[in-house]
Amino acid sequence: MVVPAVKAAKETCPLLTFDLPYVTFYYNQKVLLYKVGAEEGEFEKAVETLEKSLAEVLGYFYPLAGKLVQDEEGVLEVDCNDRGAEFVVAAAEDVHLSELAASDASPLLQDVVPYAGVQNHEGRELPLLAVQASPAIPLPPNVLPSYSEGVPVICVPNLSRPSSYSRLDLFTSVEWCAAAASLQLACVFLVSWVHLIATSLLLLLLLLLLLVMVIYFSLIQIQALTAEKWILSIELAWLPPNFVSSLSCDCVQVTKLKDGMALGCSFNHVILDGNSTWHFMSSWAELARGLTTVSLLPFHDRTKARNTRLKLDLPPLTAHVANGDGPAHQNGEVKPPSKPMREKIFHFSEEVLDKIKAQVNAHLEPDQKPFSSFQALGVHVWRSVIRARELPPESYTVFTLFVDCRKRLEPPMSDNFFGNLIQGIYTVTASGMLLAQPAEYGAGLLHELINSHNAAAIDAKSTEWEKAPKLYNYKDAGINCVAVGSSPRFKVYEVDFGWGSPDSVRSGSNNKFDGMMYLYAGKKGGRSVDAEITLEAETMKKLEADEQFLTGSAV
């Protein structure tokens, strides 16, 4: 665990209407790939820099070092207890950076970012931030944490099974308490039968004999079960009783690759949205480069955006809800989707984006405001995905967008507002109508959707949710949908810790479903955009063969 370098400025942080709907989403996972660490000692130095600067930046972004708690009224908040963030070093010495940066998402991506299949409400016990780092040289098994299906465990030496067991040697303190309780219970029974001694000596002798036999065979059974449980827990990875409760709100994993390094971060979505995520990452990078303070201090008073207290009925920590076809887990096992999914990055250069935008705006009225690049690209992807799905024309299709509300509120919030200030909004039409009409029809739907979501609409949506709070499923994005997360405005390729810009930026497997799209600033710079899209495998096969989609030659 990496604890903040300074004590948190506040003891608690309230969670509001903008934060709470994402309690049953999964941790947001981001992976940044760097060409660093190939030279001897270079990776170890980088890990030292990351760990030191993480402690410093957590002092500014202190809610990430806390823990989710419910007060006596059932209201969820952050206990800013400086518990810290989980920082993990892992090994992947045979994996090349190019394997993780490939357009088609590699299954190996799940191994370089922690907390796959972990829901945000589990931040009541788990870290709110987790970081993972991995050296090329294997470390002793009792040093490296490992991840099995997204469940953090501590590797311990595998002890050989002894030929015989000592009853005393195998008892832990917990089991001593259990044994003591058993003996006390036996004494209670014994005392209760003492009253019968006066009337029947024979009955007493029989009862004593029976009691001795019960205790004897009970201890044998306890011995066998204890030994089996002890050996099994060591062989698989034993979790100390206080291990889970010691974890933080986030987790960072640094992985040494054969020719580079993967920085995998898992953020609890209840704590922050995309804007705040990249504010944190850029600030962390600034401190790693030697700056004495961050250039943009976070603003932590969430009540300035909305001041509400809502009781929530949260899922139990022991029950991981399986969400239909999506990645979910029970007892640490991730449930695979019912249909094969594929994730792929599509690169849209400035030239292709200009072509798409020009075509969408080709038939506007003289006094009509042109559609933006985002609206043009959005309808381009929407139409192309619907075409690849080959839906009946009467089938409905939904376009969902998670819009940043900072500048839409009255009064507006500044960009350094730390937390969630997003809302999910959507528009719907018939598949046949979307494809039969010119592209400006769909662009017009997006234009109206985005521009109509003003302060009044934000307040109305918030008020409606507060009357009947609903914990959303991460796939609640609508039928036959295309859903957009992240934004090309986030400067993901400027996150430089001192060894250059990322070679590639990806997201983990969490919160992905058929139709989910994450937009990033393009790797090639300028106004280029990278679209990370998840679709059913058959749909993806048709989409990647669609020249109109790839080149923007027609929309």
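So, here is what we can say about the structure in this document. (Residues numbered from 1 in each chain as written. Predicted model: local features only at pLDDT ≥ 70, side-chain atom pairs only at ≥ 80, totals over all residues. Heavy atoms only, no water.)

### Brief notes about the overall build of the protein
The helix and strand tally for the protein stands at 12 helices and 19 strands. For the protein, the proportion of its 555 residues judged to be buried stands at 50%. The contacts of the protein with a sequence gap of at least 6 include a subset with a gap of at least 24, amounting to 80%. On the protein, roughly 25600 Å² of surface is accessible, and the fraction owed to carbon and sulfur atoms is 58%. (Helix = DSSP H or I, 4+ residues; strand = E, 2+ residues; numbered from the N terminus. Buried < 20%, exposed > 50% of the residue type's maximum accessible area, 1.4 Å probe, protein only. Contact = heavy atoms within 4.5 Å. Areas by Shrake-Rupley, 256 points an atom, 1.4 Å probe, with all protein chains shown as cover.)

### Concerning the packing of aromatic side chains
Applying the stated criterion across every chain, the model contains 16 aromatic pairs. Between the aromatic rings of Tyr34 and Phe497, the centroid separation amounts to 6.0 Å while the plane-to-plane angle is 80°, which identifies the pairing as edge-to-face. Taken together, the residues Tyr34 in strand S2 (residues 28-34) and Phe497 in the loop between strand S16 (482-485) and strand S17 (504-507) connect sequence positions 463 residues apart. Taken together, the aromatic side chains of Tyr34, Phe61, Phe267, Phe280, Trp284, Phe418, Phe497 and Trp499 make up a single cluster linked through ring pairs. (Phe/Tyr/Trp six-rings, centres within 6.5 Å; stacked < 30°, edge-to-face > 60°.)

### Some remarks on the sheet that holds strand S14 (residues 396-404)
Read from one edge of the open sheet, six strands run S13-S19-S18-S16-S14-S15, paired in mixed fashion. The strands lining the two open edges of the sheet, one partner per strand, are strand S13 (341-348) and strand S15 (422-430). Shown here is a sheet whose adjacent strand axes are inclined to one another by a mean of 20°, direction ignored. Pairing between S16 and strand S18 (residues 516-521): three bridges, direction parallel. Residue pairing across strands places Ala483 opposite Met516, the latter belonging to S18. Against the sheet, helix H9 (residues 439-451) touches S14 and S15, its axis set at about 150° to S15. (Pairing = 2+ DSSP bridges. Axes fitted to C-alpha atoms, helices over the stretch in contact; angles between N-to-C directions.)

### Considerations on helix H1 (residues 42-60)
Compared with an ideal rise of 1.5 Å per residue, which puts 19 residues at 27 Å, H1 spans 28 Å between its outermost C-alpha atoms and is within 8% of the ideal. Every buried residue belonging to H1 is among Phe43, Ala46, Val47, Leu50, Ser53, Leu54, Ala55, Val57, Leu58 and Gly59, and all of these are buried. (Expected span 1.5 Å × (residues − 1).)

### Topic: the nonpolar core
In terms of nonpolar packing, the biggest core is built from 80 residues, with Leu54, Leu263, Phe280, Met281, Trp284 and Phe497 touching the most fellow members. In terms of residue count, H1 provides more of this core than any other element does, eight residues in total. Core analysis: the second largest hydrophobic core is formed by 45 residues, Val385, Leu519, Leu535 and Phe549 among them. (Core = buried A, V, L, I, M, F, W, Y, C linked by side-chain atoms within 4.5 Å.)

### Remarks on the pairing of S2
Counting buried positions over the seven residues of S2 gives seven, a clear majority of the element. Residue alternation in S2 divides its side chains into two sets, Asn28, Lys30, Leu32 and Tyr34 and Gln29, Val31 and Leu33, and both sets are buried. Across seven bridges, S2 lies against strand S10 (residues 261-267) in antiparallel orientation. For Lys30, the partnering residue across the bridge sits in S10 and is Cys265. Examined bridge by bridge, S2 and S17 share four bridges and lie antiparallel to one another. Of the residues in S17, the one forming a bridge with Lys30 is Ser507.

### Re the sheet that holds strand S3 (residues 67-70)
In spatial order, the strands read S1-S4-S3; together these three strands make up an open sheet with antiparallel pairing. Looking at the sheet topology across the chains shown, the edges are occupied by strand S1 (12-14) and S3. The average undirected angle you get between the axes of adjacent strands in this sheet is 35°. As defined by bridge partners, S1 adjoins strand S4 (residues 76-79) across three bridges and the pair is classed as antiparallel. In the strand pairing of S4, Thr12 is matched with Asp79.

### Re a negative patch on the surface
Among the surface-exposed residues, Glu93, Asp94, Glu99 and Asp259 lie close enough to one another that they form a single negatively charged patch. With respect to the helices and strands, the residue Glu99 is situated in helix H2 (residues 97-101). For Glu99, a relative accessible area of 33% corresponds to the partly exposed category. (Patch = residues over 30% accessible without salt bridge, like charges linked within 9 Å, V, L, I, M, F, W, Y side chains within 5 Å. Salt bridge = Lys/Arg side-chain N within 4 Å of Asp/Glu carboxyl O. Lys, Arg positive; Asp, Glu negative; His and termini not counted. Charge placed at Lys NZ, Arg CZ, Asp CG, Glu CD.)

### Some remarks on empty space enclosed by the protein
What the rule picks out here adds up to one cavity of 30 Å³ or more. The computed volume of the largest cavity comes to approximately 50 Å³. For the largest cavity, the full set of lining residues is Asn28, Gln29, Lys30, Ser507, Gly508, Asn510, Asn511, Lys512 and Tyr518. Examining the composition of the lining of the largest cavity, we find that three residues originate from one element, S2, more than from any other. Of the residues contributing to the lining of the largest cavity, the split by class is one nonpolar, six polar and two charged. (1 Å grid on protein atoms, 1.4 Å probe; cavity = no way out; pocket = protein on both sides within 12 Å on 5 of 7 lines; lining within 4 Å. Points joined across faces, edges and corners; volume = space filled by probe spheres on them. Nonpolar A, V, L, I, M, F, W, Y, C, P; charged D, E, K, R; others polar.)

### Focus on the state of the cysteines
Applying the stated rule across the entire model yields zero disulfides. Cys13 takes part in no disulfide bond, and the closest cysteine sulfur to it belongs to Cys80, at a distance of 5.4 Å. Given a relative accessible area of 4%, Cys13 falls into the buried group. Counting only cysteine sulfurs, Cys265 is the nearest neighbor of Cys251, a cysteine outside any disulfide, at a range of 8.7 Å. With a relative accessible area of 0%, Cys251 lands in the buried category. (Disulfide = S-S within 2.5 Å.)

### A word on the packing of helix H6 (residues 350-360) against helix H7 (residues 373-389)
Two elements in contact, H6 and H7, have axes whose closest approach is 9 Å; the angle formed by their N-to-C orientations is 90°. The angle between H6 and H7 falls in the class roughly perpendicular. Of the residues in H7, those in contact with Leu353, Ile356, Lys357 and Val360 of H6 are Ser373, Ala376, Leu377, Val379 and His380. In terms of residue class, the contact of H6 with H7 is built from six nonpolar, two polar and one charged. (Parallel < 35°, antiparallel > 145°, perpendicular 65-115°, else oblique.)

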